[in-house]
Amino acid sequence: MSEAATPAPRTRSGRTPHGRRRVRSSLALAAMELFGEQGFEATTVDQIAEAAGVGRRTFFRYFRSKEDVVFPGHDERLAEVVELLAAAEPAADPLAVLGRTAGVVLEMYLAEPEVSLKRFELTREVSALRDKEIASIDRYQRVFARYLRGRYADEPGGDLRAAVVASAVVAAHNHVLRQWLKSGGALDAKTLLREALQQVTVAMSGQWGRDDSAVVAGENVVVGVVRTAAPAGVVLKHLEEALRDIR
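Residues numbered from 1 in each chain as written. Predicted model: local features only at pLDDT ≥ 70, side-chain atom pairs only at ≥ 80, totals over all residues. Heavy atoms only, no water.

Enquirer: Let's hear about the overall build of the protein chain: which residues, and what values?
Expert: Broken down by element type, the protein chain carries 10 helices and two strands. Along its sequence from the N terminus, the protein chain presents helices and strands in the succession α-α-α-α-α-α-α-α-α-β-β-α. In the protein chain, which comprises 247 residues, the proportion classed as buried is 34%. Considering only intrachain contacts with a sequence separation of at least 6, the fraction spanning at least 24 residues in the protein chain is 65%. With an accessible surface of roughly 15500 Å², the protein chain has 52% of that area assigned to carbon and sulfur atoms. (Helix = DSSP H or I, 4+ residues; strand = E, 2+ residues; numbered from the N terminus. Buried < 20%, exposed > 50% of the residue type's maximum accessible area, 1.4 Å probe, protein only. Contact = heavy atoms within 4.5 Å. Areas by Shrake-Rupley, 256 points an atom, 1.4 Å probe, with all protein chains shown as cover.)

Enquirer: Describe in detail the packing of helix 8 (residues 158-182) against helix 9 (residues 189-204), supporting the description with residues and values.
Expert: It is at 9 Å that the axes of helix 8 and helix 9 come closest, and there the two elements cross at 155 degrees. Between helix 8 and helix 9, the angle falls in the class roughly antiparallel. Like other packed secondary-structure pairs, helix 8 and helix 9 cross with a definite hand, here right-handed. Each of Arg161, Val164, Val165, Ala168, Val169, Ala172, His173, Val176 and Trp180 in helix 8 lies in contact with helix 9, whose residues at this interface are Ala189, Leu192, Leu193, Ala196, Leu197, Val200 and Met204. Here the residues of the contact of helix 8 with helix 9 sort into 14 nonpolar, one polar and one charged. (Axes fitted to C-alpha atoms, helices over the stretch in contact; angles between N-to-C directions. Parallel < 35°, antiparallel > 145°, perpendicular 65-115°, else oblique. Left-handed = near helix turned anticlockwise from the far one by under 90°. Nonpolar A, V, L, I, M, F, W, Y, C, P; charged D, E, K, R; others polar.)

Enquirer: Tell me about the side chain of His173, and please be specific about residues and values.
Expert: On the secondary structure map, His173 appears in helix 8. The contacts of His173, once residues within four sequence positions are left out, are Ala102, Val105, Leu106, Tyr109 and Leu193.

Enquirer: Quick one: what's the story with helix 1 (residues 17-38), residue by residue and with numbers?
Expert: Over its 22 residues, helix 1 extends 32 Å from the first C-alpha to the last, a length consistent with the 32 Å expected when each residue adds 1.5 Å. Of all the residues in helix 1, the buried ones are Gly19, Val23, Arg24, Ser25, Leu27, Ala28, Ala30, Ala31, Met32, Leu34 and Phe35. Where the residues of helix 1 are buried, they touch helix 2 (45-52), helix 3 (56-62), helix 4 (74-86) and helix 6 (113-125). Once helix 1 finishes, Gly39 follows within two positions and takes phi at roughly 95 degrees, a positive value. (Expected span 1.5 Å × (residues − 1).)

Enquirer: Account for the packing of helix 5 (residues 94-111) against helix 7 (residues 127-151), naming residues and giving values.
Expert: Contact geometry for helix 5 and helix 7: axes closest at 11 Å, N-to-C directions at 160 degrees. As judged from the angle between their axes, helix 5 and helix 7 are roughly antiparallel. Pair helix 5 / helix 7 crosses with right-handed handedness. Residues Pro94, Val97, Leu98, Thr101, Ala102 and Val105 of helix 5 pack against Tyr140, Phe144, Tyr147, Leu148 and Arg151 of helix 7. A per-class count over the contact of helix 5 with helix 7 returns nine nonpolar, one polar and one charged.

Enquirer: Can you explain the environment of Arg142? Please cite residues and give values.
Expert: The topology assignment puts Arg142 in helix 7. For the pair Arg142 and Ala166, spaced 24 residues apart in the sequence, the C-alpha separation amounts to 7.7 Å. A distance of 2.9 Å separates a polar atom in the side chain of Arg142 from a polar atom in the side chain of Asp138. (Polar contact = N/O pair within 3.5 Å; in protein donor to acceptor, adjacent residues only side chain to side chain.)

Enquirer: Can you lay out the nonpolar core for me, pointing to particular residues and giving the numbers?
Expert: Core analysis: the largest hydrophobic core is formed by 38 residues, its most contacted members being Leu85, Leu98, Phe144, Leu148, Val165 and Val169. Contributions of two or more residues to this core are made by helix 4, helix 5, helix 7, helix 8 and helix 9. At 11 residues, helix 8 tops the list of elements feeding residues into this core. Residues contacting Phe144, with those up to four places away along its chain left out, are Val81, Leu85, Leu98, Thr101, Ala102, Ala166, Val169 and Val170. Counting residues in each nonpolar core, the second largest holds 20 residues, with Ala28, Ala31, Phe59 and Leu129 among its members. (Core = buried A, V, L, I, M, F, W, Y, C linked by side-chain atoms within 4.5 Å.)

See below:
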């Protein structure tokens, strides 16, 4: 007589990366449903845990507070961004690297559209959550700028360029994300981001650090400085002299 096969032990939800994401997403959705129904201030952690079908201790394994539950996975996203930038090829175009990284961040929002859309509604209504969202944006911007400072370290004005380019990339990403959220998730956010980053690239690359005598698009640029009260004949004379100098 053969012995009955012993069933394989079941893996508890939350023990695998996929399981942890599922529990975290369930808590976030439950929280945002309750926030919408009874208000952010009136909702307790115990109510959120009960609605998600988990205990209070499980909630605090995933989130420090009910404010944090609105931004599930944010710390993981930021850590992934840091890893992506650290692993980038040293010779790769820094703007292209940031563009790809911004695309990864956007994909994280698109992967959980229900959570992202509900969070968008809440952050427009609750000032504490809006402040937290602004702080999270600042963290991404600082990570981008730190990467760029390393890439522009040997260039004149490298620190300033890093700050400006990081701000521009984050602004492009956030603009596209807001457009997608306002559309209820209907827009093609990936294409919009690609187009927005192309505009940033055109605006930022190739022109930084050039002086007034720089050649732009194959033509000489002449900058004349005269007093606004100068007679027209004086202005014309200055321009003629400047043009003679570059012929």
